Amino acid sequence: MSTPIDITQDTFKSEVVDSDIPVIVDFWADWCGPCKKLSPILDEIAADLDGKVKVAKIDVDKERTLGALFQVMSIPTVMIYKDGQKVDEFTSVRPKAEILSRLERHL
């Protein structure tokens, strides 16, 4: 069963850009209420789509450079990457079905 992985500035390229499967990147913080509501949804997606998609989490308090680099203005912000390119992005909590629908276009 796959679980989300923590991403740092050092691992972003190898885990996200160079990934051979689509990656959901969740920009979050421990103090963020909506982030805590989104987290179990992304955990389920990681388990359901094990091997087909990777779920990555970036703590914006620990990885301020990545948050600034990607111009994350509010959290949670979720970006979907495929073949090293950002192909979708949304903010705030979304239902699992909507996230899966967004993902299906890139599987």
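No experiment lies behind these values; they were computed from the predicted model shown. (Residues numbered from 1 in each chain as written. Predicted model: local features only at pLDDT ≥ 70, side-chain atom pairs only at ≥ 80, totals over all residues. Heavy atoms only, no water.)

J.: Whenever I open this one, the sheet that holds strand β1 (residues 5-6) confuses me. Can you help?
T.: Paired through their backbone hydrogen bonds, the strands of a sheet run either parallel or antiparallel. Within the open sheet, the five strands sit side by side as β1-β3-β2-β4-β5. Their pairing is mixed. Each of the sheet's edge strands pairs with one partner strand only, and the pair in question is β1 and β5 (85-91). For β1 and strand β3 (residues 54-59), the ladder comprises two bridges, and the chain directions are parallel. Residue pairing across strands places I5 opposite A56, the latter belonging to β3. Helix α2 (residues 33-48) rests against β2 (23-28), β3 and β4 (77-82) of the sheet, and its axis sits at about 160° to β2. Sitting on the sheet, helix α4 (residues 96-104) touches β2, β4 and β5, and the angle it makes with β5 is about 165°. (Pairing = 2+ DSSP bridges. Helix = DSSP H or I, 4+ residues; strand = E, 2+ residues; numbered from the N terminus. Contact = heavy atoms within 4.5 Å. Axes fitted to C-alpha atoms, helices over the stretch in contact; angles between N-to-C directions.)

J.: I keep staring at the packing of α2 against α4 and nothing clicks. Help me out?
T.: To describe two helices that pack against each other, one gives the angle between their axes and the distance between the axes. The N-to-C vectors of α2 and α4 enclose an angle of 45°; their axes lie 10 Å apart at closest approach. It follows from the interaxial angle that α2 and α4 lie oblique. As for how α2 packs across α4, the hand of that crossing is right-handed. Contacts from L38, I41, L42, E44, I45 and D48 of α2 reach α4 at K96, I99, L100 and L103. Split by residue class, the contact of α2 with α4 holds seven nonpolar, no polar and three charged. (Parallel < 35°, antiparallel > 145°, perpendicular 65-115°, else oblique. Left-handed = near helix turned anticlockwise from the far one by under 90°. Nonpolar A, V, L, I, M, F, W, Y, C, P; charged D, E, K, R; others polar.)

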